[in-house]
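# Summary of the model geometry
Here is how the chains run, residue by residue.
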Amino acid sequence: MIAAVGNADPGAGAREALQRDVRAGLEAFPSGAPVLVRARAGLSLLIGRAVREAGRKLVLLLPSQAALPAALPPRDHAAVGELLLLADQVRLLPFDPADRDACVSADERLIRGCGRVLAVWDGSPSSPQDPTAHLVAFARGRGLPVHVIHPREAR
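The notes below deal with the structure included here. (Residues numbered from 1 in each chain as written. Predicted model: local features only at pLDDT ≥ 70, side-chain atom pairs only at ≥ 80, totals over all residues. Heavy atoms only, no water.)

### Focus on the overall build of the protein
Using the following cut-off: Secondary structure follows DSSP: runs of H or I at least 4 residues long count as helices, runs of E at least 2 residues long count as strands, and numbering of each begins at the N terminus. A radius of gyration in this sense is built from C-alpha atoms; the matching globule rule multiplies 2.2 Å by the number of residues raised to 0.38. In this scheme, a residue with accessible area under 20% of its type's maximum is buried, one over 50% is exposed, and one in between is partly exposed, where area comes from a 1.4 Å probe on protein chains only. Residue contacts follow a heavy-atom distance rule, with two residues in contact if any of their heavy atoms lie within 4.5 Å. Per-residue and other accessible areas were derived by the Shrake-Rupley procedure at a 1.4 Å probe size, with only the shown protein chains allowed to occlude residues. Within this scheme the basic residues Lys and Arg register as positive and the acidic residues Asp and Glu register as negative, but His and the chain ends are omitted. By convention, charge coordinates are those of NZ in Lys, CZ in Arg, CG in Asp, or CD in Glu.
When helices and strands are tallied, the protein shows five helices and seven strands. Walking the protein from its N terminus toward its C terminus, one meets helices and strands in the order β-α-β-α-β-β-α-β-α-β-α-β. In terms of overall size, the protein behaves like a compact globule, its C-alpha atoms giving a radius of gyration of 14 Å where 155 residues would be expected to give roughly 15 Å. Dimensions along the principal axes, computed over C-alpha positions, put the protein at roughly 40 × 30 × 30 Å. By residue count, 49% of the 155 residues in the protein fall in the buried class. For the protein, long-range pairs separated by at least 24 residues make up 77% of all intrachain contacts whose partners lie at least 6 apart in sequence. Carbon and sulfur atoms form 52% of the exposed surface of the protein, whose accessible area is close to 7,400 Å². Treating the 19 positive side-chain charges of the protein as one cloud and the 16 negative ones as another, the clouds have centres 5 Å apart.

Okay, structure coming up:
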């Protein structure tokens, strides 16, 4: 399985380029390997669309509380609804989607359960808004192959 991580919103000008580059980037991985994304708007939805366009299976990771899907921030509702339609499988993971540290921990657990990582990352250091550098280092520290994508159009 391939874990997909990166900045939540790469910017409006990068959406088409990003979907194109994700489709191309998936070719670096074994065919048939499903892609796992965390349920949220922005990048996760773009990756989900690209995964389906590439003919791969999508696995969606939903936050849960007490073994039930957790409430998501309103900004994510429409995107997660579409991701649910695109997904071949949905997994629940206990974490609070409103807590940044909990989201980073969820992404680490996502990476631990996968054999490869697809990262949309510009090479910048982690920040409170974007922990992608941390997640790439985490994956590499575990010896996982990481394929980095960064369209020129992305901010």
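### Brief notes about the packing of helix 2 (residues 43-53) against helix 3 (residues 77-86)
Threshold: Here an angle of 0 to 180 degrees is reported between the N-to-C directions of two axes, which are lines fitted to C-alpha atoms, with helices fitted over the stretch in contact. Working definition: roughly parallel below 35 degrees, roughly antiparallel above 145 degrees, roughly perpendicular at 65 to 115 degrees, and oblique for all remaining angles. Two helices cross in a left-handed way if the nearer one is turned anticlockwise from the farther one by less than a right angle. They cross in a right-handed way if the turn is clockwise.
Running from amino to carboxyl end, helix 2 crosses helix 3 at an angle of 25°, the nearest separation of the two axes being 10 Å. Here helix 2 is positioned roughly parallel relative to helix 3, judged by the angle of their axes. Between helix 2 and helix 3 lies a crossing of left-handed hand. Along its contact with helix 2, which presents Ser44, Leu45, Gly48, Arg49 and Arg52, the element helix 3 presents Ala79, Glu82, Leu83 and Leu86.

### So, helix 5 (residues 132-141)
Of all the residues in helix 5, the buried ones are Thr132, Ala133, Leu135, Val136, Phe138 and Ala139. Buried residues along helix 5 sit against strand 1 (2-6), helix 4 (100-112), strand 6 (116-120) and strand 7 (146-149).

### Remarks on the nonpolar core
Cut-off, in case you're wondering: Think of a nonpolar core as a cluster: buried Ala, Val, Leu, Ile, Met, Phe, Trp, Tyr and Cys residues, connected wherever their side-chain atoms sit within 4.5 Å.
Counting residues in hydrophobic clusters, the biggest one holds 28 residues, and the most contacted among them are Val22, Leu26, Val35, Val37 and Ile47. Where this core is concerned, the elements lending two or more residues are strand 1, helix 1 (15-26), strand 2 (35-38), helix 2, strand 3 (58-65), helix 3 and strand 6. Looking at this core, the element that brings in the most residues is helix 2, giving six residues. Residues contacting Leu26, with those up to four places away along its chain left out, are Ile2, Val35, Ala50, Val51, Ala54, Arg56 and Leu118. Grouped together as the second largest cluster of nonpolar side chains are 23 residues, Cys103, Leu110, Trp121 and Val136 included.

### Structural notes on a nonpolar patch on the surface
Convention followed: Patch membership is restricted to residues that have no salt bridge and whose relative accessible area is over 30%. Joining uses 9 Å for like charges and 5 Å for the nonpolar side chains Val, Leu, Ile, Met, Phe, Trp and Tyr. Whenever Lys or Arg places a side-chain nitrogen within 4 Å of a carboxyl oxygen from Asp or Glu, that contact is recorded as a salt bridge.
A contiguous nonpolar surface patch, about 230 Å² in accessible area, is contributed by Leu84, Val90 and Leu92. Relative to the elements of secondary structure, Leu92 occurs in strand 5 (residues 89-94). Given the relative accessible area of 41%, Leu92 is considered partly exposed.

### A look at the pattern of salt bridges
One pass over the structure, following the stated rule, counts six salt bridges. The residue Asp107 makes a salt bridge to Arg38 at a minimum N-O spacing of 2.9 Å. Of the two residues, Asp107 sits in helix 4 while Arg38 sits in strand 2, which places them 69 residues apart along the sequence. Judged by its relative accessible area of 5%, Asp107 is buried. Between Arg52 and Asp88 there is a salt bridge, with its nearest N and O atoms 2.4 Å apart. Taken together, the positions of Arg52 in helix 2 and Asp88 in the loop between helix 3 and strand 5 put the pair 36 residues apart, joining distant regions of the chain. Assessed through its relative accessible area of 35%, Arg52 is described here as partly exposed. Of the residues examined, Asp88 reaches a relative accessible area of 43% and is grouped as partly exposed.

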